[in-house]
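Summary of structural features
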Amino acid sequence: KRVLEIGAYDGVTAYTLAAAGAASVTGIDIAAYYINQTMDEELNQASVAKKNRELENKRNGYRRVVGEGIGKKVTFREDDICSSDIPSESVDIVFSWEVMEHVGDPAAAFNEMYRMLRPGGCVFHEYNPFFSINGGHSLCTLDFLWGHARLTTADFERYLDEVRPEEKGLALAFYLNNLNRMTLSDLQRFIADAGFTTLSVLPWSKRKHLELVTHDVLKQCIDVYPQSTLADLISPVVWVLLQK
């Protein structure tokens, strides 16, 4: 099959799939994502070019390890899944690991995935939703449970000013630019609107997280994000399997 990996980073997964028998693998990523979580980096043409050189060096390192026979089946490109240059009906499989929570416009992304897939093609994602207990990731998961999902943007910024001022620039850039607010209900709507058949949407909920959710925590999250539910808060991993 012809495979597209979203968020390819250093290329190790793309090369692994090629070694496992994929006919071809295209790995896409956007340098801006990494710049927004790097201390003392500003997003501009120079920093994008620098980051892409760094990614290329990492990928070439793995390419030397796997050998040219496998390496020639893998290509990488700077490409945003929300507005992709991948040709229509050109791939059989689209997948990602821990990427969908970072996509800026998930609705547009699912539309693009549907466009680029051949009829019968499949999509698989595993991701860590924003509303889960660790959904703010290391930069934005705060010092109290579900803090990133209980605060408005203004309160989040004020919290950084008062409690973690040395991290403010980095944390705020990541919070504003690298984390979407897609709930499970949003996910289902985006999938349906794009035209996919849902084979499985599986939230991996945690009992210990359920035991930590108080009435106040749930209410505060819903006050800020009315579409969020208890299921969003207690599911740190979601699997999505779709077909065109």
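As a reminder, the structure under discussion sits directly above these lines.
Notes on the structure in this doc start here. (Residues numbered from 1 in each chain as written. Predicted model: local features only at pLDDT ≥ 70, side-chain atom pairs only at ≥ 80, totals over all residues. Heavy atoms only, no water.)

What follows concerns the sheet that holds strand S7 (residues 237-243). Within the open sheet, the seven strands sit side by side as S3-S2-S1-S4-S5-S7-S6. Their pairing is mixed. A single partner strand is all that each edge strand has here, and the edge strands are strand S3 (74-78) and strand S6 (197-204). Pairs of neighbouring strands in the sheet enclose a mean axial angle of 15 degrees, with direction left out of account. Of the strand pairs in this sheet, strand S1 (residues 2-6) and strand S2 (residues 24-29) are connected by five bridges, and their pairing is parallel. Opposite Leu-4, over in S2, you have Thr-26 as the bridge partner. On top of the sheet, helix H5 (residues 106-116) reaches S1, strand S4 (91-97), strand S5 (117-127) and S7; it is set at about 145 degrees to S5, its chief contact. (Pairing = 2+ DSSP bridges. Helix = DSSP H or I, 4+ residues; strand = E, 2+ residues; numbered from the N terminus. Axes fitted to C-alpha atoms, helices over the stretch in contact; angles between N-to-C directions. Contact = heavy atoms within 4.5 Å.)

Moving on, we get to helix H9 (residues 168-177). Of all the positions in H9, only Leu-170, Ala-171, Leu-172, Phe-174 and Tyr-175 are classed as buried. On its buried face, H9 sits against helix H2 (31-35), helix H6 (137-140), helix H7 (147-150) and helix H8 (153-163). (Buried < 20%, exposed > 50% of the residue type's maximum accessible area, 1.4 Å probe, protein only.)

A surface patch of nonpolar side chains, about 280 Å² in accessible area, is lined by Leu-202, Trp-204 and Trp-239. Of note, Trp-239 is situated in strand S7. Here Trp-239 falls in the partly exposed class, since its relative accessible area comes to 33%. (Patch = residues over 30% accessible without salt bridge, like charges linked within 9 Å, V, L, I, M, F, W, Y side chains within 5 Å. Areas by Shrake-Rupley, 256 points an atom, 1.4 Å probe, with all protein chains shown as cover. Salt bridge = Lys/Arg side-chain N within 4 Å of Asp/Glu carboxyl O.)

To continue, consider the environment of Leu-199. Along the chain, the position of Leu-199 falls in strand S6. Given a relative accessible area of 43%, Leu-199 falls into the partly exposed group. Distance from Leu-199 to Leu-241, taken between C-alpha atoms, is 5.4 Å for residues 42 residues apart in sequence. Discounting residues that sit within four places of it in the chain, Leu-199 has contacts with Leu-241, Leu-242 and Gln-243.

It is worth spelling out the nonpolar core at this point. Ranked by size, the top nonpolar core spans 30 residues in total, and within it Ile-81, Val-94, Phe-110, Met-113, Leu-187 and Phe-196 carry the most contacts. When contributions to this core are tallied by element, the ones reaching two or more residues are S1, S4, H5, S5, helix H10 (184-194) and S7. Leu-187 has contacts with Phe-110, Tyr-127, Met-182, Val-201, Val-238 and Val-240, leaving out every residue within four places of it along the chain. Leu-55, Cys-140, Leu-142 and Val-217 belong to the second-largest nonpolar core, a separate cluster that totals 27 residues. (Core = buried A, V, L, I, M, F, W, Y, C linked by side-chain atoms within 4.5 Å.)

Our focus in this paragraph is the pattern of salt bridges. A full pass over the atoms with the stated rule returns 15 salt bridges. Between Asp-143 and Arg-164 there is a salt bridge, and its shortest N-O distance comes to 3.6 Å. Here the residue Asp-143 occupies a position in the loop between H6 and H7, and Arg-164 occupies one in the loop between H8 and H9, the gap between them amounting to 21 residues. Between Arg-164 and Glu-167 there is a salt bridge, with the nearest N and O atoms lying 3.0 Å from each other. Sharing partners across several salt bridges, the network here consists of Asp-143, Arg-164 and Glu-167.

In short, geometric facts, not functional conclusions.
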